[in-house]
Amino acid sequence: MSTFLTKAIIDFFVAFGIVLGGALIGGIGAVMAFQPPTQSMLEIAGRIKIWALAAAVGGTIDPMRVIESNFFDGNISPAIKQILYLMFAFLGAHIGAEIVRWMCGGGRG
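Since this is a predicted model, take the numbers as computed values, not measurements.

Colleague: Can you lay out helix α2 (residues 37-57) for me, pointing to particular residues and giving the numbers?
Modeller: Over its 21 residues, α2 extends 29 Å from the first C-alpha to the last, a length consistent with the 30 Å expected when each residue adds 1.5 Å. For α2, the principal kink sits at Ile48 and spans about 40°. Taken residue by residue, α2 has Ser40, Met41, Leu42, Ile44, Ala45, Ala52, Leu53, Ala54, Ala56 and Val57 as its buried positions. Next to the buried residues of α2 lie α1 (3-32), α3 (62-72) and α4 (76-103).

Structure (structure tokens):
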């Protein structure tokens, strides 16, 4: 498998796991704090999506710097790859949040 596809799949599942795991563990914490777990899980999943995206691609500024430097230097391929990595990570985070929403009864946050 190519290194691009390997990294894209890993980014997807890292973001997916951060959202899903964070919401599930947060739900356990809500039960221990005598709070409604479904509402807490939905809130956590929504708040953690952007952080899951950042963690999956390896930081908040570096991917943007790669896109900027390569795009303005005329190297389109590395910039497109970085954008695709961000998209895969976003998809993983979003699908994780949708699964949490589904598990919590399908409510719209």
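Having seen it, we continue.
Colleague: Could you give an account of the packing of α2 against α4, naming the residues involved and the relevant values?
Modeller: As a packed pair, α2 and α4 sit with axes 9 Å apart at the nearest point and diverge in direction by 160°. On the basis of the axis angle, α2 is roughly antiparallel to α4. Of the two possible hands of crossing, α2 and α4 adopt the one that is right-handed. Side by side, α2 and α4 meet where Met41, Leu42, Ala45, Lys49, Ala52, Leu53, Ala56 and Val57 of the first sit next to Tyr85, Leu86, Ala89, Phe90, Ala93, His94, Ala97, Val100, Arg101 and Met103 of the second. Within the contact of α2 with α4, the residues separate by chemical class into 15 nonpolar, 1 polar and 2 charged.

Colleague: Residues and numbers for the packing of aromatic side chains, please.
Modeller: Applying the stated criterion across every chain, the model contains 4 aromatic pairs. Considering the side-chain rings of Phe12 and Phe13, the 4.9 Å spacing of their centres and the 80° angle between planes classify their relative orientation as edge-to-face. Owing to a relative accessible area of 17%, Phe12 belongs among the buried residues under this scheme. An angle of 80° between the planes, with centres 6.3 Å apart, marks the rings of Phe13 and Phe16 as edge-to-face. Here Phe13 pairs with Phe16, and both are found in helix α1, just 3 residues apart, close to one helical turn. Of the aromatic side chains, those joined through ring pairs into one cluster are Phe12, Phe13 and Phe16. One residue, Lys7, lies across the ring of Tyr85, its end atom 4.7 Å from the ring centre.

Analysis parameters
Residues numbered from 1 in each chain as written. Predicted model: local features only at pLDDT ≥ 70, side-chain atom pairs only at ≥ 80, totals over all residues. Heavy atoms only, no water. Helix = DSSP H or I, 4+ residues; strand = E, 2+ residues; numbered from the N terminus. Expected span 1.5 Å × (residues − 1). Bend = angle between axes of the 7 residues up to and from the residue. Buried < 20%, exposed > 50% of the residue type's maximum accessible area, 1.4 Å probe, protein only. Contact = heavy atoms within 4.5 Å. Axes fitted to C-alpha atoms, helices over the stretch in contact; angles between N-to-C directions. Parallel < 35°, antiparallel > 145°, perpendicular 65-115°, else oblique. Left-handed = near helix turned anticlockwise from the far one by under 90°. Nonpolar A, V, L, I, M, F, W, Y, C, P; charged D, E, K, R; others polar. Phe/Tyr/Trp six-rings, centres within 6.5 Å; stacked < 30°, edge-to-face > 60°. Lys NZ or Arg CZ within 6 Å of the ring centre and 35° of its normal.

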